Amino acid sequence: MRVTIWGCRGSLATPGPGTVLYGGNTSCVEVRLGDGALLVLDAGTGIRPLGLELGPDRPKTIHVLLTHLHFDHIEGLGFFAPLWGGETHVHVWGPPSPVRTLEERIARYLSPPLFPVQLSDIPAQMTFHDVPEEEWEIGHARLLAQPVSHPGPTVGYRLSEGGHSLAYIPDHEPAFGIDLSTVPSDWVSGYALAEGVDVLLHDCQYGEDEYSERVGWGHSSVEQAVAFARISSVRRLVMFHHDPDHDDQHLEVLLSRAVELWGDEGEPPLLAHEGMELELS
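Residues numbered from 1 in each chain as written. Predicted model: local features only at pLDDT ≥ 70, side-chain atom pairs only at ≥ 80, totals over all residues. Heavy atoms only, no water.

A. Up close: the sheet that holds strand β4 (residues 61-65). Taking strand neighbours across the sheet as the criterion, the seven strands line up as β6-β5-β4-β3-β2-β1-β14 in an open arrangement whose pairing is mixed. One side of each edge strand has no neighbouring strand; the edge strands of this open sheet are β6 (125-130) and β14 (277-279). Adjacent strand axes in the sheet meet at a mean angle of 20°, parallel and antiparallel pairs treated alike. Note: strand β2 (residues 28-32) against strand β3 (residues 38-41), four bridges, orientation antiparallel. (Pairing = 2+ DSSP bridges. Helix = DSSP H or I, 4+ residues; strand = E, 2+ residues; numbered from the N terminus. Axes fitted to C-alpha atoms, helices over the stretch in contact; angles between N-to-C directions.)

Put into structure tokens, the structure is as follows:
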């Protein structure tokens, strides 16, 4: 399983001189399975350069797995080049809603006046799926999607292939202003997704001082992210969903704090950045 990060910014794309090192594109992660199958986690602005990189020899079937439908996670979908090739079949997966189907919710964005083309006019074949409650398979991988604590219908994903596993939980507040170590682990939002994985891509939007004024907003402080990763016994934490107000220098301050909180046991946390590649083999 090969993982490439195309966007790791949260809330709003932030291009500019202050975000050159870690990137300004919003959430998008490419996952290549051992059999060549292509999975795309979220469709933020990072999905546009991914689509261009794929070129004309791209896979004929692509799976796009959406954690939720906040705009920073879907705003690049209409600019994903494979959608404009009629020979491509794009499967879009996302959290169910009791009000509208996933296709209807996506069509609210991919239609005028927000977008110049109707969803129904896109050349590629598109199939929309509510994520199932139980594990399912794509290619050689097993996937699990479960609801996590964030405003609106939101899921995180666990992908497993060949004895290795990745958890992707980019928008997540595992507990509201409490010490995670004081509650049973299986009561913590997202625990079943992250337990024992090789790599956890996890929300780490706030410093500890910022979080105190943002409890309930659906995002984690650096302290919460590290505590969640430790409780879940992950091998490596990759800090994700960087705040639009945090430039590269600020992010490195948060990384230093995460490394301090992590301690000496195991591999220290990393900061997600555009172009980062992680090989799970």
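Back to the write-up after that little detour.
B. Molecular detail of the side chain of Ser 221. Note on placement: Ser 221 falls in the loop between α4 (208-211) and α5 (222-231). Within the structure, the side chain of Ser 221 is placed 3.1 Å from the backbone nitrogen of Gln 224, a separation counted as a polar contact. Each residue touching Ser 221, except ones within four places of it in the same chain, is listed here: Cys 204, Tyr 206, Gly 207, Glu 208 and Tyr 211. (Polar contact = N/O pair within 3.5 Å; in protein donor to acceptor, adjacent residues only side chain to side chain. Contact = heavy atoms within 4.5 Å.)

C. Local environment of helix α2 (residues 102-109). Taken together, the buried positions of α2 are Leu 102, Arg 105, Ile 106 and Tyr 109. Seen from one end, α2 has its buried residues packed into an arc of 95°, which puts them on one side. Lining the buried residues of α2 we find β5 (89-94) and β6. (Buried < 20%, exposed > 50% of the residue type's maximum accessible area, 1.4 Å probe, protein only. Arc of directions from axis to C-beta.)

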